[in-house]
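Here's the letter readout for the chains.
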Amino acid sequence: MTNNPEYFKAERDQEWRVALRSQIKNKERTSRERVKMPEQDPNIRNKNSLEVNLGLTEEQAVSEAQRCIDCPNPTCITGCPVGINIPKFIKYIEARDFLSAAKTLKETNSLPAVCGRVCPQEVQCEAQCFYTQKLKKPAVAIGHLERFAADFERNSGKISIPEIAERNNIKVAVIGSGPGGLAAAGDLVKMGYSVTVFEALHEIGGVLKYGIPEFRLPNDIVDVEINNLRKMGVEFITNFVVGKTSSFEDLKAKGYVAFFTASGAGLPRFMNIPGENYVGIFSSNEYLTRVNLMGAAKADYDTPVLFGKNVAVIGGGNTAMDSVRTAKRLGAERAMIVYRRSLDEMPARIEEIHHAQEEGIEFMNLNSPVEYFADESGRVNRMRLQKMELGEPDSSGRRRPVPLTSSEYDVDVDMVVVSVGVSPNPLIPSAVDGLNITKWGTIHVNPDNMQSNISDLFAGGDIVRGGATVILAMGDGRNAAAGIHAYIQQTLVN
Amino acid sequence: MNKIIDKVNFSENVVKLVIEAPDIAQKRKAGHFVIVKIGEKGERIPLTISQADPEKGTITLVIQKVGVTSHKVCNLNPGDLITDVVGPLGQATHIHNSGTILCAGGGVGIAPLLPIVEAMKKAGNRIVTVLAARNKELIILEDQIRAYSDEVIIMTDDGSHGNKGLVTHGMEEVIKREKVNEAIAIGPAIMMKFASLLTKKYNIPTVASLNTIMVDGTGMCGACRVTVGDKTKFVCVDGPEFDAHQVDFDELLLRLGAYKNEEKQAYEQYLETLN
Ligand SMILES: Cc1cc2nc3c(=O)[nH]c(=O)nc-3n(C[C@H](O)[C@H](O)[C@H](O)COP(=O)(O)OP(=O)(O)OC[C@H]3O[C@@H](n4cnc5c(N)ncnc54)[C@H](O)[C@@H]3O)c2cc1C
Ligand code: FES
């Protein structure tokens, strides 16, 4: 759990690690090629909803683990938002003690099977790896190894249920069941609190369920984690919108003494261009929710969804990639990404961009829609694009796209998915009087303990950061759990 | 899971259900709605809360069979469980005293109109209500509406009850005869469109309660978006009530038809399974 160099050093000096290091020469370790993740064939997988990545075999994992030279100064850890002891878990894999590897991950990461699949490792741990930094070679495949260890544990049927402190009967409410809420619930229940997670939707999991598709993160994997939390004593209440079904005051009257809000960045943005409300134009949230949460593409589910032949997805993030690849899988002949900057600036995980390219997604970079047109039934049938070029860098450091005059042209489409970002869900911010909100609508918190200006209200994840990542939401959840614990000890127990 | 306590068949296609939902019954105000889902593979549909009893912990919904899901809801019986009910959602009606309010309810829109009529009456307004439907059978909740209205005018397409004619005929009669300070219209989109055109002509501020397609009902998806005064609004969180004169009803009508073919086909298949 601790994040200090002495602790990492003490662990590294353990006999088994010393012995392991001497077994293979560093030269030999660094001469190996990075493992390649086995995948479904692109032309088969773009017609099914099964997972694209098949997972490393034991032999592949051990061999990849051997590439890691167990650096005296493991810089990879600095790139991990939750400070996983990366060399330790990798060396356990090398030693073929896969269950210990999984246990190591779980010291700081409650959802390793999820993070191994969806974290942007190339800008986190793997960016700080000795291979990337010093050798200018492909990093150790930390993400693939994380997934391997977590999957091994799950498939072994020997999932370790963490120890739970004696129940103290102090009630804590968690609002939202995405990764932020789940991580906080896990830590709080371990400390002995009675934890209730309130979720507005009929399913637990937040974006992990309604947003990220099966082919990238199967629901079963999320459900295993949720069931573990249930076994640990976390209570889940679905169909409950805090601020609507009950107010904070009502919940306080029912005995809840502290709140963690992880209500996400659920409000989809549109571009406010003419024609954007035509039939067949969805937000990515709507499109993905219909398909992932509501099963709309399956014959025996009641919710409908439109199937497009020529589908344009506007945006360059993970959500855009998920939408366009979903449209392809649902039969689109042309599935296009329309993004106003170049390929290099796309915020999606690199792996998703590669996968999308392999699956036959068209990338129309340096293009932006300016208007949509529809047939007499109101169904979109054409979009007008404007070409862009890259100008001076903007405040984000990325080069700003500048429209090229008289560059407009039309493309036939029968479905459009707008995926240009999300704003914080305003439900909770507007339900609490006097809560400190930033000008972006996110909840303002003290980053050390995630406490808002209302002392019993803590918050984290996308509702604090705007659209961010799974791992950051989880890190916030854990941080907030510690903050809530300290708050309760100070104010109530003493 | 929420239990059905009572059921009344208003007509072959319109049913009233009383459902156990204590938290919602506590919090609900006129204008609020719930999202309901039947079965694991069901669809989420919005239904306005027509009445609630906080003591008994129940809410009342009035549902018309129009598609697979509403049909499934109507087929439930006392003792049955509804898989998912969430709410109360949306903004409550702004209840205030403005003088004389002309309330227009079309078909199953009479059900969501009832709590508003009741609250507006209790706030001291004079209430003139026009209820309209295709025929006598589809005029629902007439007695309850009468209890909170100073006057009720009934309009049916076929003249089987009240006067023969459209809702707008009844409304115009009132507008011509007395000073109307405000109007409220709830019913099919097309009815609200014409009601709104009428009151615009007479410069009477009007509220319409929009019945868009919804998925989550919490502002997360934008399926429910409409244009109101050149701005895109989400009906589930910004509404369901809006200034009718600002609503783009033509866009609303097109968007309501988004899944027309899919729905028709699914409904036909579903009806076959019932036989
Ligand atoms: C399609 C898609 C793909 C993504 N891909 C990646 C990826 O590959 N890697 C990555 O790291 N990140 C990815 N992200 C981002 C990541 O999913 C989010 O950053 C993360 O889920 C945020 O977690 P959270 O716990 O803050 O909230 P969420 O996961 O958004 O969960 C919030 C939950 O709170 C509920 N809620 C809201 N208000 C209330 C209320 N008042 N009462 C009760 N419940 C409420 C919501 O219904 C929701 O279930 C992706 C996002 C999307 C949409
Ligand atoms: S129904 Fe999804 S935002 Fe309104």
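Residues numbered from 1 in each chain as written. Chains lettered and ligands numbered in written order. Predicted model: local features only at pLDDT ≥ 70, side-chain atom pairs only at ≥ 80, totals over all residues. Heavy atoms only, no water.

A look at the side chain of Gln40(A)
Residue and element names in this part refer to chain A. Examined against the element boundaries, Gln40 turns out to sit in the loop between helix 3 (26-30) and helix 4 (42-45). At 3.2 Å, the side chain of Gln40 and the backbone oxygen of Leu50 are in polar contact. Every residue in contact with Gln40, bar those within four places of it in the chain, is listed here: Arg45, Asn48, Leu50, Glu51, Val52 and Leu54. (Helix = DSSP H or I, 4+ residues; strand = E, 2+ residues; numbered from the N terminus. Polar contact = N/O pair within 3.5 Å; in protein donor to acceptor, adjacent residues only side chain to side chain. Contact = heavy atoms within 4.5 Å.)

Describing the state of the cysteines
For the structure shown, the criterion picks out 0 disulfides over all chains. Cys125(A) forms no disulfide, and the closest cysteine sulfur to it belongs to Cys80(A), at a distance of 6.4 Å. (Disulfide = S-S within 2.5 Å.)

So, the site of ligand 1
Residue and element names in this part refer to chain A. In the neighbourhood of ligand 1, 35 residues make up the surrounding shell, with Val118, Gly180, Glu199, Arg216 and Asp462 lying closest. In this structure, Gly180 approaches ligand 1 through a main-chain N or O atom, which is 2.8 Å from an oxygen atom. A distance of 2.9 Å is found between an oxygen atom of ligand 1 and a backbone nitrogen or oxygen belonging to Asp462. Coverage of ligand 1 by the protein amounts to 95% of the 1000 Å² it exposes when considered alone. Put simply, the parts of the chain that give the shell around ligand 1 at least two residues each are helix 12 (179-190), helix 17 (318-329) and helix 21 (470-493). Broken down by element, the residue count for the shell around ligand 1 peaks at 3 residues, all from helix 17. Looking at the shell around ligand 1 residue by residue, the class counts come to 17 nonpolar, 13 polar and 5 charged. (Near = heavy atom within 4 Å. Areas by Shrake-Rupley, 256 points an atom, 1.4 Å probe, with all protein chains shown as cover. Nonpolar A, V, L, I, M, F, W, Y, C, P; charged D, E, K, R; others polar.)

Here we look at the environment of Leu253(B)
Residues and elements named next belong to chain B. Relative to the elements of secondary structure, Leu253 occurs in helix 8 (residues 249-256). Look at Leu253 and you get partly exposed, because its relative accessible area is 30%. Along the chain, Leu253 and Asp53 lie 200 residues apart, while their C-alpha atoms are 34 Å from each other. With near-sequence residues (within four places) excluded, Leu253 lies in contact with Ala189, Ile190 and Lys193. (Buried < 20%, exposed > 50% of the residue type's maximum accessible area, 1.4 Å probe, protein only.)

Observations concerning the packing of aromatic side chains
All names here are of chain A. This model, assessed by the stated rule, comprises 11 aromatic pairs over all chains. Centroid distance Phe198 to Tyr256: 5.7 Å. Interplanar angle 70°. Geometry classified as edge-to-face. With Phe198 in strand 2 (residues 194-198) and Tyr256 in strand 4 (residues 256-261), this residue pair connects regions lying 58 residues apart in the sequence. Of the two residues examined, Phe198 and Tyr256, each falls in the buried class. The rings of Phe98, Phe148 and Phe152 are connected pair by pair, giving a single aromatic cluster. Stacked on the ring of Tyr131, the Lys or Arg Arg67 has its end atom at 4.5 Å from the ring centre. Stacked on the ring of Phe373, the Lys or Arg Arg382 has its end atom at 4.2 Å from the ring centre. (Phe/Tyr/Trp six-rings, centres within 6.5 Å; stacked < 30°, edge-to-face > 60°. Lys NZ or Arg CZ within 6 Å of the ring centre and 35° of its normal.)

Here we look at the nonpolar core
With 92 residues, the main nonpolar core has Ile86(A), Phe89(A), Ile90(A) and Ile93(A) as its most contacted residues. Here this core takes 8 residues from helix 21 of chain A, the largest share from any one element. Setting aside chain neighbours within four positions, we find Ile86(A) in contact with Cys76(A), Ile77(A), Cys80(A), Cys125(A) and Ile142(A). Of all hydrophobic cores here, the second largest spans 57 residues; its members include Leu385(A), Val416(A), Leu210(B) and Val226(B). (Core = buried A, V, L, I, M, F, W, Y, C linked by side-chain atoms within 4.5 Å.)

Considerations on the packing of helix 6 (residues 86-94) of chain A against helix 11 (residues 142-156) of chain A
Residues and elements named next belong to chain A. For the pair helix 6 and helix 11, interaxial distance at closest approach is 11 Å and the crossing angle is 60°. Taken together, the axis directions place helix 6 and helix 11 in an arrangement best described as oblique. Remark: the crossing between helix 6 and helix 11 carries left-handed chirality. Together, Ile86, Phe89, Ile90 and Ile93 of helix 6 and Ile142, Leu145, Glu146, Phe148 and Ala149 of helix 11 make up the contact between the two elements. For the contact of helix 6 with helix 11, the residue count by class is 8 nonpolar, no polar and 1 charged. (Axes fitted to C-alpha atoms, helices over the stretch in contact; angles between N-to-C directions. Parallel < 35°, antiparallel > 145°, perpendicular 65-115°, else oblique. Left-handed = near helix turned anticlockwise from the far one by under 90°.)

So, the pattern of salt bridges
This model, assessed by the stated rule, comprises 57 salt bridges over all chains. Among the salt bridges present, the one from Glu362(A) reaches Arg334(A), with a minimum N-O distance of 2.8 Å. In this pair, Glu362(A) is assigned in strand 9 (residues 362-365) and Arg334(A) in strand 8 (residues 334-339), connecting sequence segments 28 residues apart. Residue classification places Glu362(A) among the partly exposed residues on the basis of a relative accessible area of 30%. Accessibility expressed as a relative area gives 29% for Arg334(A), which makes it partly exposed. The closest approach of N and O atoms between Glu268(B) and Lys264(B), which form a salt bridge, is 3.7 Å. Placement of the pair is Glu268(B) and Lys264(B) together in helix 9 (residues 260-274), with a separation of 4 residues, close to one helical turn. (Salt bridge = Lys/Arg side-chain N within 4 Å of Asp/Glu carboxyl O.)

So, the environment of Lys91(A)
All names here are of chain A. Within the secondary structure, Lys91 is located in helix 6. When the C-alpha positions of Lys91 and Arg12 are compared, they lie 9.7 Å apart, and in sequence the two are 79 residues distant. Look past the residues within four positions of Lys91 in its chain and what remains in contact with it is Trp16, Arg17, Leu20, Arg29, Ala65, Cys68 and Asp70. In this structure the side chain of Lys91 is engaged in a polar contact, spanning 3.1 Å, whose partner is the backbone oxygen of Ala65.

Side note on the interface of chain B and chain A
Of the residues lining the interface, 39 residues belong to chain B; the matching set on chain A comes to 42 residues. Here chain B packs against chain A, burying approximately 3300 Å² in sum over the two surfaces, 55% of which is carbon and sulfur. On the chain B side of the contact with chain A, Lys41(B), Met220(B) and Tyr259(B) bury the most area, a combined 21% of that side's loss. At the boundary of chain B with chain A, the tally comes to 4 salt bridges. Between Asp302(A) and Lys72(B) there is a salt bridge whose closest N-O contact spans 2.7 Å. If you look at where chain B meets chain A, you find 18 residue pairs in polar contact (both at pLDDT 80 or more). Of all the secondary-structure elements, those providing two or more residues to the side of chain B that touches chain A are helix 1 (22-27), helix 2 (68-74), strand 7 (84-89), strand 14 (225-228), strand 15 (231-234) and helix 8 of chain B. If one sorts the elements of the side of chain B that touches chain A by residue count, strand 7 of chain B sits on top with 6 residues. Each residue belonging to the side of chain B that touches chain A can be placed in one class, and the counts come to 15 nonpolar, 10 polar and 14 charged. (Buried area = accessible area lost by both parts, 1.4 Å probe.)

Things to note about the confidence of the model for chain B
For chain B, per-residue confidence averages 93 on the pLDDT scale, and 100% of positions sit at 70 or higher. Confidence metrics for the complex model read pTM 0.93 and ipTM 0.93. (pLDDT = per-residue confidence, 0-100.)

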